[in-house]
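# Fold and contact review
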Amino acid sequence: MVREGEEEEEEMMMMVATKPAWLEGLMVETFFSSCGIHETRRKSEKNVFCLLCCLSVCPHCLPSHRSHPLLQVRRYVYHDVVRLSDLEKLIDCSYIQPYTINGAKVIFINQRPQSRAKVSSNVCFTCDRILQEPFHFCSLSCKVDYLGYQGDDLSSILYRIDASNFTFEGLRMDGHDHLGEISTMEDEEDVMVISDESEQGNNSKKKEKIKKKKKKKESNYLPGMVLSSLGSRRKGAPHRAPFS
């Protein structure tokens, strides 16, 4: 009985060992917490992952990693995401459901807790989250964990890191790391799903409904935006002489 337990533990250890260090680090690393080295400075959130050092760093740490391949991590409603265009240069992202947020296709790094149970014919193979056809996984970790449990060799879906694709100069540190933070959307239908082109046409009505919902939620911010706009106009308006 003890022997069986030891064998299961060894098998799990072997599965974990098949993950490259950068992949293991990306899935377990904590992002968007304050950098311990630069915590007294502004914009010190750790939102970049160094693929060589396998750790998260803040913008102030970047000069020390200038020659390393760097992956930018963004956040949507308190969950970490990576642009699909970046992640697919590292690993085969097929069958992972991508989402479109603020015009960018992204992949969730880890699975998210579900607020309520639903019934569907197509769910994530790992965590049972409802998905659209033909996807099988809701996040990167769900796909990696599933393949590991199946005993598949992860090397078949991994690509060699080309440092030229993840340069220091290629990072966008312009305040767009938080995607959709103005929204409090949590439900699956509030996130636009990317599938094939034919499905996009069928979902046009749904997208229009989502846009209306977003406008309604953002309406509370309009007064501030209008005041800001009026203030800028007044500052830039030409000086007029008083009436004589």
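Shown above is the structure to which this text applies.
First, a word on scope: everything that follows refers to the structure included in this document. (Residues numbered from 1 in each chain as written. Predicted model: local features only at pLDDT ≥ 70, side-chain atom pairs only at ≥ 80, totals over all residues. Heavy atoms only, no water.)

## Points about the sheet that holds strand 2 (residues 55-57)
- Spatial strand order, 2-1-3: three strands in an open sheet with antiparallel pairing. Lying at the two open borders of the sheet, with one neighbouring strand each, are strand 2 and strand 3 (70-72). Sheet twist, expressed as the mean angle between neighbouring strand axes with direction ignored, is 35°.
- Pairing geometry for strand 1 (residues 48-50) and strand 2, over three bridges, is antiparallel. Its bridge partner lying in strand 2, C50 is registered against L55. (Pairing = 2+ DSSP bridges. Helix = DSSP H or I, 4+ residues; strand = E, 2+ residues; numbered from the N terminus. Axes fitted to C-alpha atoms, helices over the stretch in contact; angles between N-to-C directions.)

## Side note on the packing of aromatic side chains
- By the definition in use, this model includes five aromatic pairs.
- Summarising the aromatic geometry, the rings of Y99 and F108 are spaced 5.3 Å apart at their centres and angled 80° between planes, so their arrangement reads as edge-to-face. Of the two residues, Y99 and F108, neither departs from the other in class, the shared state being buried.
- Arranged with centres 5.5 Å apart and planes meeting at 55°, the rings of F137 and Y146 form a pair that is tilted. (Phe/Tyr/Trp six-rings, centres within 6.5 Å; stacked < 30°, edge-to-face > 60°. Buried < 20%, exposed > 50% of the residue type's maximum accessible area, 1.4 Å probe, protein only.)

## Points about the pattern of salt bridges
- For the structure on display, the rule yields four salt bridges.
- A salt bridge links E169 to R66, with the nearest nitrogen and oxygen atoms 3.8 Å apart. With E169 in the loop between helix 4 (140-149) and strand 8 (192-193) and R66 in the loop between strand 2 and strand 3, the pair connects residues that are 103 residues apart, well separated along the chain.
- Exposure remark for E169: the relative accessible area of 61% places this residue in the exposed category.
- Classification of R66 by relative accessible area gives partly exposed; the value is 44%.
- One salt bridge in this structure joins R75 and D80, with 2.9 Å as the shortest N-O distance.
- Through salt bridges that share partners, K19, E24 and D145 make up one connected network. (Salt bridge = Lys/Arg side-chain N within 4 Å of Asp/Glu carboxyl O.)

## Digging into the packing of helix 2 (residues 21-28) against helix 4
- It is at 10 Å that the axes of helix 2 and helix 4 come closest, and there the two elements cross at 130°. In terms of axis orientation, helix 2 runs oblique to helix 4. Viewed along their axes, helix 2 and helix 4 form a crossing whose handedness is left-handed. On helix 4, the residues touching L23, L26 and M27 of helix 2 are L140, S141 and V144. (Parallel < 35°, antiparallel > 145°, perpendicular 65-115°, else oblique. Left-handed = near helix turned anticlockwise from the far one by under 90°. Contact = heavy atoms within 4.5 Å.)

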